[in-house]
Structures are given as structure tokens and as C-alpha cells.
There are 4 protein chains.
Amino acid sequence: MTLRRQTFDIDCRLDYELPAPADFLFQIHALQGLDQTVQAESLQITPTARQHVFVDPVIGQRLLRVQAVAGTLSLHYRARVRVERLLRNPRAVEHPIADLPDELLPNLMPTRYCESDLLAPAALKLFGQLKPGISRVLAVCDWIHRNVEYRIGTSTSTTTARDVFVQRAGVCRDFAHLALTFCRALNIPARLAVGYARFDTPPPDFHAMFEAYVGGRWELFDPTRMTSPYDLVRIAVGHDAKDVAFATIFGAASSKQILPCVEKVRA
Amino acid sequence: MTLRRQTFDIDCRLDYELPAPADFLFQIHALQGLDQTVQAESLQITPTARQHVFVDPVIGQRLLRVQAVAGTLSLHYRARVRVERLLRNPRAVEHPIADLPDELLPNLMPTRYCESDLLAPAALKLFGQLKPGISRVLAVCDWIHRNVEYRIGTSTSTTTARDVFVQRAGVCRDFAHLALTFCRALNIPARLAVGYARFDTPPPDFHAMFEAYVGGRWELFDPTRMTSPYDLVRIAVGHDAKDVAFATIFGAASSKQILPCVEKVRA
Amino acid sequence: MTLRRQTFDIDCRLDYELPAPADFLFQIHALQGLDQTVQAESLQITPTARQHVFVDPVIGQRLLRVQAVAGTLSLHYRARVRVERLLRNPRAVEHPIADLPDELLPNLMPTRYCESDLLAPAALKLFGQLKPGISRVLAVCDWIHRNVEYRIGTSTSTTTARDVFVQRAGVCRDFAHLALTFCRALNIPARLAVGYARFDTPPPDFHAMFEAYVGGRWELFDPTRMTSPYDLVRIAVGHDAKDVAFATIFGAASSKQILPCVEKVRA
Amino acid sequence: MTLRRQTFDIDCRLDYELPAPADFLFQIHALQGLDQTVQAESLQITPTARQHVFVDPVIGQRLLRVQAVAGTLSLHYRARVRVERLLRNPRAVEHPIADLPDELLPNLMPTRYCESDLLAPAALKLFGQLKPGISRVLAVCDWIHRNVEYRIGTSTSTTTARDVFVQRAGVCRDFAHLALTFCRALNIPARLAVGYARFDTPPPDFHAMFEAYVGGRWELFDPTRMTSPYDLVRIAVGHDAKDVAFATIFGAASSKQILPCVEKVRA
């Protein structure tokens, strides 16, 4: 068996208060595509607002635009998603630059949160001598797990991979940013993956992992070790968290509640 | 007449020295598309190297991948390009977020060189009270022209828009980055445009401008005022200079000569 | 009359909780010297702890070292202080570098929070053309008042003058840091002044202003405009907030209460 | 024998070109004090300029102020200096905060180039578990020697310890800054020491080391390993390079030559 098949029930509520009208760009729909199948879903927006969903032409993730009036805005998204994820290939190789598919090259470039150019010297010092391959990506994850503290409140919306490297603390997003930044600096294509994950201890929230392109496909990794890569229902993948924020708000709005719950469905 | 029609002859030479094999990603082909027509072109790579060109599926710019052996690498690109550029619309309006086409939303996000999130407070202080529309984009250009010195050697490959805002000096790329960062902070979609331009005084080099989306289309602006937006033969447009560098090198290589010349063809 | 004479009663309580022993360096004693006379004072530390006070040999400010055991630590400082402050000289001149006293030169240098080297280009653009003298220092204060929002929560213990310049928001310390940074960039010696001030609206807290050396003496300025420079009972002056923090803690301790109250004593 | 006694001959030339009058603050005099005795010295300034030397009241280093007219400015400093340096104490201990002399506390604070607050988490991860004492300071030096490349041109006048930590490259000043930053983060008082040193391979230049306070005295360390701490004729010690630059220039001046030569005098 090379696949892990699981089904998840998602129940996600978002509540906002708006002193004035505001535009929202949400990414909360489970990704329909890659190794995921959305079997059923519903989205309720209260009050009714001008909205539409568009599909990213490359990956297939769905983005929801909402034009909200002043007052409150509530979203309730529910879905049942089948995930059939390939088991990680423990012998996956790194690819020489020349062998990478054209469309993957942007995943080697630095982005707002992931300054792989600035961190390249450190990445080479730390991981440059290691044998190429998935084991090197795992060494990156191990280093981060040993050297970065998971601590809520240590990072903000402007914290970048360099900041995380220096302050040695962050949350899931920061862990993933630093990991994928190291990978890019090592010429391994890497991108952020965000979605719904099942947690035991922490309060439910969206989760972020990263994907590295090794062995001819994208492999998922969770450097926080809080969940298993098989237990992430992806919403989106992107260059970094600016691409795949669950909510980008144009205007003033305060978040009252973020409650994304996930349950595994028993077979 | 609402079009300015011009024809340009491009003659571009790039020479590198490579102590070891290296992979290159070049963006030197004139953009075939938008308001440009490549009437003739040739590319000579010496010595012969494994190469291929791929076309960006969204914009249509061409990217050249070259796998070079140790020694020297020379490129000689020549082209005749017809540019039929719409005259700038002096009454172009800004669009409310809700009216922006889906595919333009990424042009509002901060990127590696363009921290529109960090510079938003300054952008709002400086330009937030101005009447929306193309006149506000021009005010951004004017402010930069008055407050930023054009000075070669003041910026490096890691200089961002925030750095330019603080150090008040830079080159064409820095001017364009700061301008487009301000625009994004004002919720005006903006992107970098790079290409060939005709200069009188400075030594020939690639040039960078920026585009802002106003009045339902992308308008070109040159905040350095060194050239006219009608005189740019675009190679590519992208989020910032990481996307559209004329040469991204994976490996060690030293540049011996960069010589992009442009001549207007007399009617 | 060239002096404003006032008397202030200070009542300051600080409470900490310590999970383990910790060393404290406090600066809470009213400055005895310059234009201030401490007429009476008392300091109560609970529980009794190993402590001693030393006097800075240059300025005369007092630093209190406390070696606290685990548990709680409370300080209660009370003082009556006479302030006889020279009225601001509206015709105070700037001094050429060559005329500055030797011991003032360090007040021209950049420090941890005040990167006058990085902000020099912006300072010269904004204020370089203005007539030298105290009016230029006031122009710096005005610019900050117009362009920086006073907003609690916008800055942290690592926020520098450059950050404040970019984010255009901060608290009293940030306002003073940015102002003195601009002054240093203009070759006007400047330093931070912290102390007790009487507020009407905000909750009582320590206050920060800055001093610029013009007209042959140090003049006090409050770029927040929340108080008058005549109403500050200085605790200390220093290069920036790292020098004159009211509490520097070596070890883990959480602050439970900071309550510095000041009352003017009626004549 | 606990002392290493050596005599050095210094011959230092500095040449500048000034488009306009400028003020200079030089620190080129060998430190008269600590473990050094200046046996003979001469200073020639051409052309004659308004000048004076003042002595730092705390350390005793000498600062030379020169008011230069437009044209050229040349300094020629020569000295014979006897250095009687205590041999390093291999069992020197770290001191608890509470036992540090009052006047050393500022050497624990972050400064412009040495953000010991930002780098504290990394310092604790890397060195926090090591046995306190001089061996830990040596471990800091070793780590830097292994992880930072000595490479001229990698740093500028605004490069800080954090930058060096990230970019993993620098020159002697950067090595010393990073080392002393780590020490401060570990609560070991540390400061920069600059002076004349004898080099074999590199072109002669001023040299920077750092001092850490262990075993009840300041010990010198050279994390570049290019010279021996016994071979440094100190000019000055200070918080960081802003304090002890060999030349601080107020005005425009271009350096034509910096030539500080040192020879050991045979016994």
C-alpha cells in the first residue's frame, strides 16, 4: 500500500466585526484537486453579501471574495474531504536545477516572508555538506525542531524567516517559512501549504506546513511535529503566507472568532 | 490618435566567466504580446549549451534556461520590435477592490522587494488624502523624483523598497520598487516592468519601470524620468525584480559585460 | 523671569512576580542635579533585598541594583522634587561641530535605538534646507507630531527610530527616539530624557522626551505634545532607552503593576 | 612569568581629499594606560590645522579633533609602545550579575552594531548550556571561526552583528561585534578593542578584537585568529565601532590612503 486514505469532516466558523464596509479575500475552501476530493461542502455567509468564488488556474485552490457591509460578518464552512495521500518516499532524491520542470523555478525564489537570498549562507553552513535528498529536507526539519521554540505571541504579521532564524521562536507558519526558506536556499523547490489539521492539545486554528519538491513530486512536511503530514486537509499552496492567508482584509475589521475544527471520519 | 507606434532595434550582449558549470535563467527576449510585436530576432549562445525557452502561461514572457559548462558563456540577442502603445489616459480612475478582476489581486500583495505592508502607514500619510486616480500615481512618481537620488552604487541585490524609502537613494529598479510598493499600499494593483530602453547619458543597461492598474488597464510609469514609458521595449512584467531578473544564476559566475543597446528605427 | 520654578510630588509603585531569583537595575530615583533638587525622598523595597545605589559619574543620575529572591518584589518610591528650569531660549543657535564641547560628541553617534546613520538621508531631505537653530529642532518635533500616530501597542522593546519612521506610529519613547535621531543626523547633539510627568488623560506611566544641545545648553522637547517640558521630573538622561530604562531585568520576572504618579505641589 | 612584555613601533599614515572644509574625530593615538606605555610618539598633520586632543575620562584613550580646510589632509603618527600584557587566565570565571562592578553594567547593553537583545535566543541556544567561564568565551570564538567567513567587501558601515550572524561573512570588526554580542547576551560584559596589530598576509589596516570581562579582569580575544591578543597595541576600547572608529568625518572627504604599519621591536 502506497496511499494513506482518510476522510475528514471540517467545521469552520469565522466571525468579524466591521466598523465600515470592507472587502475580504478568503481562502477557506478545502482544495479540490491534487490528492484531495471534496465529497460534500456548504458555505453560509451571514448576512448575505456580494460574493464570488474563483479558482486559481495553476493549483486549483478556490478564493472567495466577499464585499461586506458594516456590522458583523459570519462564515460557516463545512466539508467532508477524502484525502488519498501518497506515503512519503524515503529515498526521494533532489533534482539538479537543469532537471526541474519549468513551472517549478519560481519556487526557488525569495518572497516577502522567505528571504532565501539572505539566509543562503547560513543554510549552506548548516546543511550544505549533507547528502542531497529527502534526508536533507528532514535534517532541516530536525534542526528547526531543535532550535526554534513553538511559542504563541512571538511573531506578528510582519515576521519573516530571517526574524525566526534570529529570534528562534514562532508558530506553525514561522516554522514552515523558515524550513522552506532553507530548502530554497539549497535549490530545493519549496512552498507553503495551509489547511485544516487535527490537533489534540492546542486550540483549533488553521495550520501551516511546507512542501518540498523531491523525488519528482511535492512532499509535505510539518517541522512543528504537531501533526502528521497525512492529516492536513490542504486549502491552498503558495509561495508564502501572503499568497495563502485564510483571510486578507481590505478595510477595517476585527476578528471575533476563528474556529476551524477538524475531525477524522471513522472508516 | 490614441496610439504611439515605434520600432526599436535591440542588440544585447552578455558575457560571463564560469569557474564551474552553472545553470542560468535568462529573461532577455523582448515580450511578444501585450502591445509589442517582435518582427525579427536572433539569439546566439557561445559556446553551444543545453538550453530551452519556455513561455510564461499568464503574461507570455519568455524565459531562457541555459546549462553552461565551465569557461566562458556569451549571449548575443538581437531583435526588431514594434511597439504600439496606447497613449496614457489622463483621466484613468482607480478601481474599488470589489471591481478588480480576480487575477489582479496578487498585484496588491507585498513581495520580497516590495513590503507594501510595512510601508502602508507612510503611503497613507503621504498620499492617502489625494484624489484617487492616475493623478495619485503621478504624485507618487513626483514624490520619489523629489525625494530619492538616482545614484549608482547605493543599492545591492538585497535592497528593498523600505531600504530605499529610508536611504533615499537607488537606481531605476529601486525607484520602481518604491513606487509600486506605495501603489499597492494604496490598493492600486502594481507590478514591475523591465526591458530595453534608449538612454542618452548613462551607460546602456537594462531598465526598470512599473505599471499601475488604473482606468481598466495597465499604465507604464518611469519614476526616474530618465526615459519615456513609450520607449520601453518590455522583456517581462512581474511582482518585483526577483521575478524578472534578466539573469538568475545557479552556481558561480562572474559577469564580464552587460551591454543591452537599443536604437529607435526611423520611420 | 527666566526660570520656571515648580515642585512635584512623586509616588511610584512597581510590583513584580519572580519565578526565580533575578537581578534588577532600576532607574527610578529623581535626578539630583542639573536643574532639579530632591527635597525629600523615600524608597521602600519589599521584601528586603540585597541592594545598593550608585551614581553615574558624568550626569549624576542614580542607579539602583537589587538582587531579588523568587516570589514578589515591590518598590515604593516617593519624592518631593523642586524643578527650576530655564525658560526655553527661542533664539538658541546650533553650534558648528568644531565648537561643540568634547564631551558632547558621543551625543552625535548612532545607538541601538537611534540609527542616525541610516536616517541621515531622510533627515537631510526633510530638514536639511531649514535655517539652523532651535527652530529646526521644533520643525523636527512638528513633523513627528503631524506624521506619527501616538498609539499604544504599536511598538515593542526592539522598535528603533527607523521602524518608527516607517510605521509612523509609536509611544512617547518612540517619538523621542525618532526626534533625537533626526537631530543627530543634522549634527545637533541629542539625547533621551526620561522621568515623571503629569498626565491628564493617559494612564500614569514613565515619560520620555528628548534634549537637544542648542544655544550652549540642553533644551528639553516633548514631540508627543502630551506634556510640557517644564513638567518633567527627570530621572536620567542617556543615549537612548537602553541606557535609561526604568527597569532592566536579568532573569525572568513579570511586571504586575507600574504606577508612577506625579502631582504638582501648589505654591 | 605571568606577563608578556613586548615593544612595538607604529607608523601610521592617513591621507584624505576634501572638496570642502570638514571636521574629523580621529582615534589613532596608542592608548596610554591599561597595560600599555607609550615611550615616544609624534604626530604630524599637513597642512597645519586647528586641532586638539582630549582624553576620555574613563578609559584614558585620546581623541584628536581636527578642523580641516578644503584640499588634502595628511596625518603621520609614529609611536613606540611597550605592552606588558597579563597572560590569559585559562581558569577565569564568569561573574554573577550581582558581583559585577557598577561601572561594567553598560557593557551588557545592546548598542548600534551589537543587538544582544535580538541575538539572545540564538546565543542561548548555541552557548547557554556550556559551562560558564573563559571556556565559554572561547567557544563563542570557535563557533565564529567555524561559521563566519573572513571576506573583505561583505560588510559595510551599517552591518550589524545580526547581519553578520545571518550572512556568515565579514571582516575583523564584524567578527568582534558578533563575538561581543553573544557575550553580552550571555551576561558577560564585553566591549570592542581596536588598535594596531602586526599582520603577515593581509594589507596593513587597523584591527579590531574584543574584550570580555572574566576572572575579574578584561581579557582580549581575536575571533579572526589572524593575530595574537598579545600583539595588539590598543588605541581604544568602546561599546562598538561607533565609539572607537579611527576616523569619524563630519563633512565630505574621501580617503586616499590608510596605512597603519606595526613592527615588533627586537629585544
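Residues numbered from 1 in each chain as written. Chains lettered and ligands numbered in written order. Predicted model: local features only at pLDDT ≥ 70, side-chain atom pairs only at ≥ 80, totals over all residues.

A short note on the overall build of chain A
Here comes step 1: Broken down by element type, chain A carries four helices and 14 strands.
Here comes step 2: For 267 residues, the compact-globule formula gives about 18 Å, and the C-alpha radius of gyration of chain A, at 18 Å, lands near that figure.
Here comes step 3: With the C-alpha coordinates aligned to their principal axes, the bounding extent of chain A is approximately 55 × 40 × 40 Å.
Here comes step 4: The proportion of buried residues among the 267 residues of chain A is 46%.
Here comes step 5: The contacts of chain A with a sequence gap of at least 6 include a subset with a gap of at least 24, amounting to 76%. (Helix = DSSP H or I, 4+ residues; strand = E, 2+ residues; numbered from the N terminus. Rg over C-alpha atoms; globule rule 2.2 N^0.38 Å. Buried ≥ 20, exposed ≤ 12 C-beta atoms within 10 Å, placed from the backbone. Contact = placed C-beta atoms within 7 Å.)

Some points on the interface of chain B and chain A
Here comes step 1: On the side of chain A, 20 residues touch chain B, which itself brings 20 residues to the contact.
Here comes step 2: A breakdown of the residues in the side of chain B that touches chain A according to their chemical character gives nine nonpolar, five polar and six charged. (Nonpolar A, V, L, I, M, F, W, Y, C, P; charged D, E, K, R; others polar.)

Digging into the domain arrangement of chain A
Residue and element names in this part refer to chain A.
Here comes step 1: Partitioning chain A into structural domains gives domain 1 (3-85 + 246-265) and domain 2 (89-238).
Here comes step 2: Distance from the C-alpha centre of domain 1 to the C-alpha centre of domain 2: 24 Å.
Here comes step 3: At the interface, 24 residues of domain 1 touch 13 residues of domain 2.
Here comes step 4: Of all the elements in the fold, those that place two or more residues in the side of domain 1 that touches domain 2 are strand E1 (3-18), strand E6 (71-86) and strand E14 (254-265).
Here comes step 5: Ranked by the residues each element gives to the side of domain 1 that touches domain 2, the list is headed by E14, at seven residues.
Here comes step 6: Tallied by class, residues from the side of domain 1 that touches domain 2 come to 15 nonpolar, five polar and four charged. (Domains from an automatic or database assignment.)

Re the sheet that holds strand E14 (residues 254-265) of chain C
Residues and elements named next belong to chain C.
Here comes step 1: Within the open sheet, the four strands sit side by side as E3-E6-E1-E14. Their pairing is antiparallel. The strands lining the two open edges of the sheet, one partner per strand, are strand E3 (36-46) and E14. Ignoring which end each strand starts from, the neighbouring axes of this sheet average 10° apart.
Here comes step 2: Both strand E1 (residues 3-18) and E14 contribute to a ladder of 11 bridges, which runs antiparallel. Paired with Arg13 across the strands is Leu259, a residue of E14. (Pairing = 2+ DSSP bridges. Axes fitted to C-alpha atoms, helices over the stretch in contact; angles between N-to-C directions.)

Regarding the relation of the copies chain B and chain A
Here comes step 1: The two copies are related by a screw operation: chain B maps onto chain A through 180° of rotation and 0.0 Å of translation along the axis, at an RMSD of 0.0 Å. Taken together, the rotation and translation relating the two chain copies correspond to the operation of a two-fold axis. Taking C-alpha positions as reference, the residue of chain B nearest the rotation axis is Arg112 of chain B, located at 1.9 Å.
Here comes step 2: Interface overlap between copies is the fraction of interface residues in one copy that are interface residues in the other; for chain B against chain A it reaches 100%, indicating a shared surface. (Least-squares fit on C-alpha atoms with pLDDT ≥ 70 in both.)

Description of the sheet that holds strand E11 (residues 217-221) of chain A
Hydrogen bonding along the main chain pairs the strands of a sheet, whether they run parallel or antiparallel.
All names here are of chain A.
Here comes step 1: Pairing in this open sheet of four strands is antiparallel, and the strands run E11-E10-E9-E12 from one edge to the other. Across the chains shown, the open sheet's two edge strands, defined by having one partner strand only, are E11 and strand E12 (232-238). Direction aside, the axes of adjacent strands within the sheet are offset by 35° on average.
Here comes step 2: Pairing analysis gives six bridges linking strand E9 (residues 190-197) to strand E10 (residues 207-214), with the strands arranged antiparallel. Looking at E10, one finds that Arg191 is bridged to Glu211.
Here comes step 3: In this fold helix H4 (residues 172-185) packs onto E9, E10 and E11, with an angle of close to 15° to the strand it touches most, E10.

Brief notes about the relation of the copies chain D and chain A
Here comes step 1: Mapping chain D onto chain A is achieved by rotating through 180° and translating by 0.0 Å along the same axis, at an RMSD of 0.0 Å.
Here comes step 2: When you check the interface residues of chain D against chain A, 100% turn up at the interface there too, and the contact is symmetric in its surfaces.

With respect to helix H4 (residues 172-185) of chain B
All names here are of chain B.
Here comes step 1: Its 14 residues place the ends of H4 20 Å apart at the C-alpha level, agreeing with the 20 Å of an ideal helix rising 1.5 Å per residue.
Here comes step 2: Across the 14 residues of H4, 14 count as buried, placing the element largely inside the fold.
Here comes step 3: In the stretch just after H4, Asn187 is the one whose phi turns positive, near 65°. (Expected span 1.5 Å × (residues − 1).)

Notes on the environment of Ala253 of chain B
Residue and element names in this part refer to chain B.
Here comes step 1: Considering the arrangement of structural elements, one finds Ala253 in the loop between strand E13 (247-250) and strand E14 (254-264).
Here comes step 2: Classification of Ala253 as buried rests on a count of 21 C-beta atoms within 10 Å.
Here comes step 3: Along the sequence, Ala253 and Ile235 sit 18 residues apart, while their C-alpha atoms lie 23 Å from each other.
Here comes step 4: For Ala253, the contacting residues outside a window of four places in its chain are Tyr16, Glu17, Leu18 and Ala22.

Re the packing of helix H2 (residues 134-147) of chain A against H4 of chain A
Residues and elements named next belong to chain A.
Here comes step 1: Where H2 meets H4, the closest approach of the two axes is 10 Å, and the angle between their N-to-C directions is 140°. Regarding the angle of H2 to H4, the classification is oblique. Both H2 and H4 take part in a crossing whose hand is right-handed. Across from Val137, Val140, Cys141 and Ile144 in H2, the residues of H4 making contact are Phe175, Leu178, Ala179, Phe182 and Cys183.
Here comes step 2: When its residues are assigned to classes, the contact of H2 with H4 shows nine nonpolar, no polar and no charged. (Parallel < 35°, antiparallel > 145°, perpendicular 65-115°, else oblique. Left-handed = near helix turned anticlockwise from the far one by under 90°.)

Brief notes about helix H2 (residues 134-147) of chain D
Every α-helix winds through 3.6 residues per turn, so residues three or four apart in the chain are directed the same way.
Residues and elements named next belong to chain D.
Here comes step 1: Its 14 residues place the ends of H2 20 Å apart at the C-alpha level, agreeing with the 20 Å of an ideal helix rising 1.5 Å per residue.
Here comes step 2: Of the positions making up H2, those classed as buried are Ile134, Arg136, Val137, Val140, Cys141 and Ile144.
Here comes step 3: Considering only its buried residues, H2 is in contact with helix H1 (120-127), helix H4 (172-185), strand E10 (207-214) and strand E11 (217-221).

Side note on the interface of chain D and chain A
Here comes step 1: Contact with chain D, which involves 12 residues of that partner, is made by 12 residues of chain A.
Here comes step 2: Listed by contribution, the elements that provide at least two residues to the side of chain D that touches chain A are H1 and helix H3 (161-167) of chain D.
Here comes step 3: For the side of chain D that touches chain A, the leading source of residues is H3 of chain D, giving four residues.
Here comes step 4: A breakdown of the residues in the side of chain D that touches chain A according to their chemical character gives seven nonpolar, two polar and three charged.

Examining the arrangement of the chains
Here comes step 1: The two units chain A and chain C remain apart, with a minimum C-alpha distance of 11 Å.
Here comes step 2: A minimum C-alpha distance of 11 Å separates chain B and chain D, which share no contact.

Quick notes on the confidence of the model for chain A
Here comes step 1: Confidence in the prediction of chain A, expressed as mean pLDDT, is 94, and 98% of residues score 70 or more.
Here comes step 2: This prediction of the complex comes with two scores: 0.93 for pTM and 0.94 for ipTM. (pLDDT = per-residue confidence, 0-100.)

So, the environment of Ala122 of chain D
Here comes step 1: Considering the arrangement of structural elements, one finds Ala122 of chain D in helix H1.
Here comes step 2: The class for Ala122 of chain D is buried, based on 20 C-beta atoms found within 10 Å.
Here comes step 3: For the pair formed by Ala122 of chain D and Phe165 of chain D, sequence separation is 43 residues and the distance between their alpha carbons is 9.5 Å.
Here comes step 4: Among all residues touching Ala122 of chain D, those that are not within four sequence positions of it are Val166 and Arg168 of chain A together with Phe165 of chain D.

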